[in-house]
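# Report on the structure
Read off the chains here:
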Amino acid sequence: TQPLATDQLNSTAVRELAESCDRLIERMFSALHRARQFSAHVAHELRTPLTILRGETEIALRRKSEITDIRQVLESNLEEITRMSYLVDDLLTLSKSDLGEIPLQPTTISLHQLLKDLQRQGQVLAGGKEILLELDCPDTGIVIQADELRLRQAILNLLTNAIRYTPTSGVVTIAARVTESAVTIRISDTGIGIEERHLQHIFDRFYRVDKNIHQYDGGTGLGLAIVKWVVDAHHGSISVSSTPGQGSSFTITLPKSRNNSTRG
Ligand code: ADP
């Protein structure tokens with residue numbers, strides 16, 4: 001009868017509503033849990049350099065130090081302060097992006113010019129380390145629509161990693177290709193590589209393959225999370241392939257239809 005059908009309808013609706021409330025609550029708790037984990041991680045990451053700064057300064061003050069000793073302490077302190085500044089910069093970028101406070105400002109960029117600039121910056125980054133930095137991008141007037149500052153930052157993060165995790169005499173290559181539907185930018189290296197089981201995690205905030213080895217190499221563990229955010233914001237994708245002991249290759253794919261066009 002009619003009333004029964006309505007009752008059934010109501011109880012189904014109530015059950016569905018209760019289920020979606022459950023799912024929502026579950027999602028809220030898991031977001032809260034992630035936020036707590038993130039704050040704990042931030043505190044931990046900042047505590048290490050702060051402990052070093054405090055310890056070294058206290059020791060220098062306690063003993064009668066020569067000027068050369070003090071200089072050494074100051075140099076080491078500067079390293080820690082620089083590390084903390086990078087960390088705070090990266091944290092700010094990510095929290096602003098979470099809040100949607102970084103609107104992209106796309107402009108028309110020459111791909112060849114951008115990558116040539118980044119190759120030069122990469123050479124500066126490599127400093128004294130003997131790394132061959134190759135550019136494989138045809139100078140055919142390809143232009144893309146992207147937020148130049150953010151895209152630069154993303155590629156520079158990949159380059160920094162490629163240089164950081166590649167031993168002396170290695171090769172880092174920046175390559176770009178254009179297909180009908182997309183522009184791909186690939187940063188490959190002949191470095192230490194990444195084991196397969198880590199690949200799905202390396203874009204997570206603070207994930208490092210080997211925390212002990214990389215603790216004082218200047219990394220923040222946030223570089224790839226920022227790359228992922230920039231690429232997602234451009235409606236693109238990023239993939240990685242790697243062979244331990246042989247090297248890694250990170251590929252950014254930016255769709256031509258939504259954001260990009262080419263000429264040339
Ligand atoms: P980090 O500041 O530690 O480099 P990232 O988020 O940039 O943080 O990278 C996360 C981890 O992924 C690194 O700690 C490192 O273990 C691994 N990784 C990233 N890029 C490379 C690479 N080119 N070669 C080998 N390992 C890499």
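Reading the values: the criteria
- Residues numbered from 1 in each chain as written.
- Predicted model: local features only at pLDDT ≥ 70, side-chain atom pairs only at ≥ 80, totals over all residues.
- Heavy atoms only, no water.
- UniProt positions renumbered as here; feature names shortened; annotations may be inferred.
- Phe/Tyr/Trp six-rings, centres within 6.5 Å; stacked < 30°, edge-to-face > 60°.
- Helix = DSSP H or I, 4+ residues; strand = E, 2+ residues; numbered from the N terminus.
- Buried < 20%, exposed > 50% of the residue type's maximum accessible area, 1.4 Å probe, protein only.
- Patch = residues over 30% accessible without salt bridge, like charges linked within 9 Å, V, L, I, M, F, W, Y side chains within 5 Å.
- Areas by Shrake-Rupley, 256 points an atom, 1.4 Å probe, with all protein chains shown as cover.
- Salt bridge = Lys/Arg side-chain N within 4 Å of Asp/Glu carboxyl O.
- Lys, Arg positive; Asp, Glu negative; His and termini not counted.
- Charge placed at Lys NZ, Arg CZ, Asp CG, Glu CD.
- Near = heavy atom within 4 Å.
- Polar contact = N/O pair within 3.5 Å; in protein donor to acceptor, adjacent residues only side chain to side chain.
- Nonpolar A, V, L, I, M, F, W, Y, C, P; charged D, E, K, R; others polar.
- Contact = heavy atoms within 4.5 Å.
- Pairing = 2+ DSSP bridges.
- Axes fitted to C-alpha atoms, helices over the stretch in contact; angles between N-to-C directions.
- Core = buried A, V, L, I, M, F, W, Y, C linked by side-chain atoms within 4.5 Å.
- Left-handed = near helix turned anticlockwise from the far one by under 90°.
- pLDDT = per-residue confidence, 0-100.

- An unreviewed UniProt entry lists the chain under the name histidine kinase, from Pelovirga terrestris.
- As its UniProt record puts it under Subcellular location (unreviewed entry), the chain is described as follows: "Membrane".
- The annotation that UniProt attaches to the chain under Catalytic activity (unreviewed entry) is "ATP + protein L-histidine = ADP + protein N-phospho-L-histidine."

## Some words on the packing of aromatic side chains
- Throughout the structure, instances matching the rule amount to two aromatic pairs.
- When the ring of F203 is compared with that of F250, the centres are 6.3 Å apart and the planes differ by 75°; the resulting orientation is edge-to-face. Of this pair, F203 sits in the loop between α5 (196-199) and α6 (211-214) while F250 is found in strand β7 (residues 247-255), placing the two residues 47 residues apart along the sequence. Taken individually, F203 and F250 each receive the classification buried, so the pair is uniform in this respect.

## Some remarks on a negative patch on the surface
- A grouping of E16, E19, D22 and E26 is seen on the molecular surface, where their side chains present a negatively charged patch.
- If you trace the backbone, E19 turns up in helix α1 (residues 2-62).

## Regarding the site of the ligand
- Not every one of the 21 residues close to the ligand is listed here, only the nearest: N161, Y165, D189, T220 and G221.
- At 2.8 Å from an oxygen atom of the ligand is found a main-chain nitrogen or oxygen belonging to T220.
- Here the ligand, which alone exposes 530 Å², has 98% of that area covered by the protein.
- Here the element with the most residues in the shell around the ligand is helix α4 (residues 148-164); it accounts for three residues.
- Looking at the shell around the ligand, its residues break down into ten nonpolar, eight polar and three charged.

## Focus on the environment of E148
- Positionally, E148 belongs in helix α4.
- Spatially, the C-alpha atoms of E148 and R36 are 33 Å apart, while their sequence positions differ by 112 residues.
- Dropping the residues within four chain positions of it, E148 is found in contact with Q105, T107, I109 and L114.

## Thoughts on the sheet that holds strand β4 (residues 170-178)
- The strand order across the open sheet formed by five strands is β2-β4-β5-β7-β6, and the pairing between neighbours is mixed. One side of each edge strand has no neighbouring strand; the edge strands of this open sheet are β2 (131-136) and β6 (237-243). Adjacent strand axes in the sheet meet at a mean angle of 10° when their direction is disregarded.
- Looking at chain direction, β6 and β7 are connected through seven bridges and run antiparallel. Its bridge partner being in β7, V240 is matched across the sheet by F250.
- Strand contacts of α4: β2, β4, β5 (182-189), β6 and β7, with the helix running at about 25° to β5, the strand carrying the most contacts.
- Strand contacts of helix α7 (residues 223-233): β6 and β7, with the helix running at about 140° to β6, the strand carrying the most contacts.

## Observations concerning the nonpolar core
- Residues L111, L115 and I155 are the most contacted members of the largest nonpolar core, which totals 47 residues.
- Setting aside residues up to four positions removed in sequence, L111 forms contacts with C137, I142, V143, I144, A176, V183 and I185.

## Digging into the side chain of S248
- Along the chain, the position of S248 falls in strand β7.
- A distance of 2.9 Å separates the side chain of S248 from the side chain of S242, its partner in a polar contact.
- Those residues in contact with S248 that lie beyond four places of it in its chain are I187, S188, D189, G193, I194, S241 and S242.

## Digging into the packing of α4 against α7
- Axis separation between α4 and α7 bottoms out at 9 Å; the angle between their running directions is 145°. As α4 packs across α7, the resulting crossing turns out to be left-handed. Contact residues: α4 offers R150, L151, Q153, A154, N157, L158 and N161, while α7 offers G223, L224, I226, V227, W229 and V230.
- By residue class, the composition of the contact of α4 with α7 is eight nonpolar, four polar and one charged.

## A word on the confidence of the model for the chain
- With 93% of its residues at a pLDDT of 70 or more, the chain shows a mean pLDDT of 88.
- Mean pLDDT values for the elements of the chain range from 60 in α6 up to 98 in β6.
- Interface scoring of the predicted complex returns ipTM 0.98; its pTM is 0.81.

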